Amino acid sequence: MDPQSQQLTLAAVAALLGAGVFLSYSRSRSAGGKRPPGPPGLPILGNIFQVPGEHLASYFRSLCEEYGGLVSLNLAGFPVILVGDMKAAKEVLEKRSAKFSSRPLVPYIRHHVDPTKAYWGVCEQNETHNIARRLTAGLMSAVRQGKTEAIQQFEALLTVQHLLDDGGKNWYKHMNRLAASATLSVAFGLHCPTGEEPDLKEVIECIAEFVHLCTPSASIINIFPFLDYIPGPMPWRTRARAYRAREDALYDKLVEEAVSGKASGMNTWAATFARTDKPEGDQRRLMNQFAGAAIETTALALQTFVLGALIHPEWIPRAQKEIDAVVGLDRLPTFADRTHLPYVEALVRETLRWRPAARFGVPHMSTADDVVEYNGQEYFIPAGSIVFGVAWAIEHEAGKYEDRDRFLPERFLDEKGQLKPGYETSAFGFGRRVCPGAPFAERSLWINIAMILWTFNVKRSDKPDPKTGLPFKYDSSDAAFSGEARLDFSNAPFEFPAVFEPRSAQRVEVARREWAECEKDLNVLLPQPKEKH
Ligand code: HEM
């Protein structure tokens, strides 16, 4: 992690608030009413100096525990609202979704890095966002029908091969590869068997650069927008143009290959988007959003699952017993087993709850004044408020989750071992911004967890930590996660060693045989729908 990224949150929050807040500032100042409770602050500057330099999610969570599910902060006049329990989240982010589903606008991104608003996941609510959500809903309806399961199963089986090959030495990278390859295969027909493919590397580098460009320090015009009136090739323009050219070249190539080239037989998401192109709007340009949103989140959720297994391993025998009872010894789990394996479902839910991938969500911005009723009180939330759905607080709500910091999948099961009804999660966000990729993500998590537990005992490494010479210290505290410091809202555990020990020679043989015999042609795994005559 570079030092620039480590200068944490005050600047990050300031930039995220960016021009969106500036735009709404005058309106919000003029409106009145009782605000949600929050820590007292200085005159004018409010709470700006209280926001810590790191561990923002923990700070937000502690405020939610102290002040309740709706917390108000004032950052030098700019209103920030923290939503810290499910009741408040439903009231504000779900029921009032029409007013609370925009995004804060970062001037540098809007005017230079993404002037065409192709980044619909970070742009304000607009026509592009509506179109992209509609198209994605269509893709996800196919995912729900199981159309991507063959590829997801194929990628999970390949990951098992990689883990068998090296006993888990590079397990962390295998999860990164898996998440990337599953997404890029389905989106562009780009299967990445090694994780070293040049196109994949370019995708990852572009995501990293974009994340960097989103940081406040990326451009002085985030702080002093008037400087943008200076004409000519200023450094921020040159950098943004270079990035645009690089990313456009990458996605033009990927989409072109998906639509007409080597992956032409496949029913890729790019091909679906391109079919809806119109002269006035080229929908294929919206495709660059998927990689950024899908790859890191899915990988880090699987990495978090492994951390949960190493820190709280008590549940592993029960999970394996259930899987073995349903699947047997002669084959690996498939999606056909899903309804018979509630324990694996509970593992997916607990992974997303225990250490949510986006600990304070992705900020929304309100577009109109509103009065919200919460716990018998009415609170005024001005237009232009930045609203964080703090998953880290919501998923650890006191009184709702017993032993809340423990990785305990049983919490989602009744005494008969069946899933309790009424499951709700904040891990995928809320309202009109709720993660549209959730059906795909859940399937990836499910099949990988099921296959890993069928094949391996996942254990701590007893090799000394090369940095200290002492046994590796496994940690699930904030210090063990990188996300906030990277300012990209996601929350990956830092790399840690794990041993993937095959449960038996027979299981190795079955896993190897299944790989040798499985279908590997992407055109068959994700076929085009048959033409209707
Ligand atoms: C475990 C995996 C994942 C997690 C935890 C996750 C979580 C999230 C969260 C918290 C948000 C912000 C929601 C909000 O603002 O309220 C989001 C947005 C988004 N996610 Fe995911 N995500 C995951 C995987 C995926 C996948 C696989 C895809 C695509 C196939 C995807 C596509 C998107 C997109 C496009 C958005 C922006 C939506 C919008 O602004 O309207 N995500 N995700």
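Residues numbered from 1 in each chain as written. Predicted model: local features only at pLDDT ≥ 70, side-chain atom pairs only at ≥ 80, totals over all residues.

An unreviewed UniProt entry lists the protein under the name Cytochrome P450, with Vararia minispora EC-137 as the source organism.

Lining the immediate surroundings of the ligand are 26 residues, of which Gly121, Ala293, Gly429, Cys435 and Gly437 lie closest. Secondary-structure elements contributing two or more residues to the shell around the ligand are helix 12 (288-311) and helix 16 (438-455). Ranked by the residues each element gives to the shell around the ligand, the list is headed by helix 12, at seven residues. (Near = placed C-beta within 6 Å. Helix = DSSP H or I, 4+ residues; strand = E, 2+ residues; numbered from the N terminus.)

This next bit is on the environment of valine 390. Mapped onto the elements of the fold, valine 390 is located in the loop between strand 6 (386-389) and helix 15 (391-394). Apart from the residues lying within four places of it in its own chain, the contact partners of valine 390 are Ala57, Phe60, Arg61, Cys64, Leu82, Val83, Gly84, Phe360 and Gly361. (Contact = placed C-beta atoms within 7 Å.)

So, on to the environment of cysteine 518. Mapped onto the elements, cysteine 518 comes out in the loop between helix 17 (505-517) and helix 18 (522-525). Along the backbone, cysteine 518 and leucine 157 are 361 residues apart, and their C-alpha atoms lie at a distance of 9.2 Å.

Each pair of packed helices can be summarised by the angle the axes make with each other and by the distance between the axes. Running from N to C, helix 9 (residues 198-214) and helix 10 (residues 235-259) cross one another at 145 degrees; their axes reach a closest spacing of 11 Å. Judged by the sense of rotation from one axis to the other, the crossing of helix 9 with helix 10 is left-handed. When helix 9 is examined against helix 10, the residues Asp199, Glu202, Val203, Cys206, Glu209 and Leu213 are found in contact with a partner set consisting of Tyr243, Arg246, Glu247, Leu250 and Leu254. When its residues are assigned to classes, the contact of helix 9 with helix 10 shows six nonpolar, no polar and five charged. (Axes fitted to C-alpha atoms, helices over the stretch in contact; angles between N-to-C directions. Left-handed = near helix turned anticlockwise from the far one by under 90°. Nonpolar A, V, L, I, M, F, W, Y, C, P; charged D, E, K, R; others polar.)

Our next topic: unusual backbone geometry. Trans is the prevailing form of peptide bonds, just as negative phi is the prevailing case for residues other than glycine. Of note, lysine 117 is a non-glycine position whose phi angle comes to about 60 degrees, a positive value. Position of lysine 117 relative to the elements: it lies in the loop between helix 5 (107-113) and helix 6 (127-144). Even without a glycine there, the phi angle at aspartate 403 is positive, about 45 degrees. Tracing the sequence through the fold places aspartate 403 in the loop between helix 15 and helix 16. The exposure class assigned to aspartate 403 is exposed, which follows from the 9 C-beta atoms found within 10 Å. (Buried ≥ 20, exposed ≤ 12 C-beta atoms within 10 Å, placed from the backbone.)

A separate point is the nonpolar core. The tendency in soluble globular proteins is for nonpolar side chains to be buried as a group. In terms of nonpolar packing, the biggest core is built from 137 residues, with Phe60, Val83, Ala270 and Val390 touching the most fellow members. Considering each element in turn, this core owes the most residues, 14 residues, to helix 12. (Core = buried A, V, L, I, M, F, W, Y, C linked by C-beta atoms within 7 Å.)

Bringing the sheet that holds strand 3 (residues 364-365) into the picture now. Strand order in this open sheet of four strands is 1-2-6-3, and the pairing throughout is mixed. Each end of this open sheet is capped by a strand with a single partner; those strands are strand 1 (70-75) and strand 3. In this structure, strand 2 (residues 78-83) lies alongside strand 6, joined through four bridges in parallel fashion. Of the residues in strand 6, the one forming a bridge with isoleucine 81 is valine 387. (Pairing = 2+ DSSP bridges.)

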